[in-house]
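# Descriptive structure summary
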Amino acid sequence: MLGKKRKLGKKLQDLKVGERYNAAFTIEDRDLLIYLGLTDDANPLYVQHDYASQTPFKQPIVPAVMLFGMVSSIVSMHLPGPGSHILSHSIEYPKPVYHYADVRFQLEITEIDKRSEVITLHVNGYDTDGEEVVKGSLVVRPPSEPYSMNATSLENFY
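Let me sum up the structure you'll find in this document. Here the structure is a predicted model, which means the values were calculated and not measured.

Another aspect to go through is the environment of L107. The residue L107 is located in strand β3 (residues 102–113) in this model. Sequence spacing of L107 and V123 is 16 residues, and the spatial spacing of their C-alpha atoms is 4.5 Å. When near neighbours in sequence (up to four residues on either side) are disregarded, L107 contacts E19, R20, Y21, V71, I74, V75, L79, L121, H122 and V123.

Shown next, in the form of C-alpha cells:
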C-alpha cells in the first residue's frame, strides 16, 4: 500500500444526479468482535445473548455506528470512490439489525453542488426481510486533483 499510487474515484464533473451504487454485507461474529475490539465498546447488548434477552431487542444487535461504517466504506471505495470525504451526514436507524443478517445498501446521488464542490447522497439499507434499517443522507466532497502552485498561480495569488 505504501508508495503505491492509487486511482482516484469519480470526480465531480464525472458524476450525475440519479447515479446509484448497491452493496451487500453479511454481519459475521468476527466483524462484530473486530469492531468492538477496535472501539473498546463493551456494551453487552451487542454480544451477550442473556443480557440482550432482557431488553426490548430480545437478542444481540449490531451497533449503529458499525452500519454507518459500511455506508462510509461504500462512499470511500465506490461512489464517488477513493479520495472522497464525508463532510456531514444525517442517518436514522428505524429497525435494529441482528447478528448474521444480510444488509443491502443503496446510495444515490440526489444533488450536485458545483459551486461548493460537494454532492448529496441518499442512503437506504434493508435487512434480510427487506425491512428498512438505515435511511438518510450524506454530503460528500468527491476526489479532485491536487492543487499545484505554478508561476501563473503565484502571480495571481499576490
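For the structure shown, the criterion picks out 4 salt bridges. Of the charged contacts in the structure, one is a salt bridge between E19 and K10, with a shortest N-O distance of 2.3 Å. By relative accessible area, which is 16% here, E19 ends up buried.

A word on the nonpolar core. Judged by nonpolar contacts, the single largest core of 35 residues is most densely connected at V97, F105, L107, L121, V123 and L138. Of all the elements in the fold, those that place two or more residues in this core are α1 (29–39), α3 (64–77), β2 (85–92), β3, β4 (118–126) and β5 (132–141). By residue number, the principal contributor to this core is α3, which donates 7 residues. In contact with F105, not counting residues within four places along its chain, are Y21, N22, A23, F25, L67, M70, V71, I74, V123, N124, G125 and V134.

Next up on the list: the packing of aromatic side chains. One pass over the structure, following the stated rule, counts 1 aromatic pair. Taking 5.9 Å as the distance between ring centres and 70° as the angle between the ring planes, the aromatic pair formed by F25 and F105 counts as edge-to-face. Taken as a pair, F25 in strand β1 (residues 20–26) and F105 in strand β3 lie far apart in primary sequence, 80 residues in all. Given a relative accessible area of 26%, F25 falls into the partly exposed group.

As for its placement among the helices and strands, T39 is situated in helix α1. Given a relative accessible area of 39%, T39 falls into the partly exposed group. At 2.9 Å, the side chain of T39 forms a polar contact with the backbone oxygen of Y35.

On to the side chain of S84, then. Relative to the helices and strands, S84 resides in the loop between α3 and β2. One polar contact links the side chain of S84 to the main-chain carbonyl oxygen of G81, over a distance of 2.6 Å. For S84, the residues in contact, after removing those within four places along its chain, are V75, S76, V140, R141, P142 and P143.

Our next topic: the sheet that holds β5. In a beta sheet, neighbouring strands pair by backbone hydrogen bonds and run either parallel or antiparallel. A sheet is described by the order of its strands in space; here 5 strands give the open sequence β1-β3-β4-β5-β2, paired in antiparallel fashion. Of all the strands in the sheet, just β1 and β2 have a single pairing partner and so form its edges. For this sheet the average axis-to-axis angle between neighbouring strands, irrespective of direction, equals 20°. One ladder, built from 9 bridges, connects β3 with β4; its direction is antiparallel. Residue D113 lies in a different strand from β4, and its bridge partner there is V118. Relative to β3, α3 is tilted by about 55°, and along the sheet it contacts β1, β2, β3, β4 and β5.

Rules of the game
- Residues numbered from 1 in each chain as written.
- Predicted model: local features only at pLDDT ≥ 70, side-chain atom pairs only at ≥ 80, totals over all residues.
- Heavy atoms only, no water.
- Helix = DSSP H or I, 4+ residues; strand = E, 2+ residues; numbered from the N terminus.
- Contact = heavy atoms within 4.5 Å.
- Salt bridge = Lys/Arg side-chain N within 4 Å of Asp/Glu carboxyl O.
- Buried < 20%, exposed > 50% of the residue type's maximum accessible area, 1.4 Å probe, protein only.
- Core = buried A, V, L, I, M, F, W, Y, C linked by side-chain atoms within 4.5 Å.
- Phe/Tyr/Trp six-rings, centres within 6.5 Å; stacked < 30°, edge-to-face > 60°.
- Polar contact = N/O pair within 3.5 Å; in protein donor to acceptor, adjacent residues only side chain to side chain.
- Pairing = 2+ DSSP bridges.
- Axes fitted to C-alpha atoms, helices over the stretch in contact; angles between N-to-C directions.

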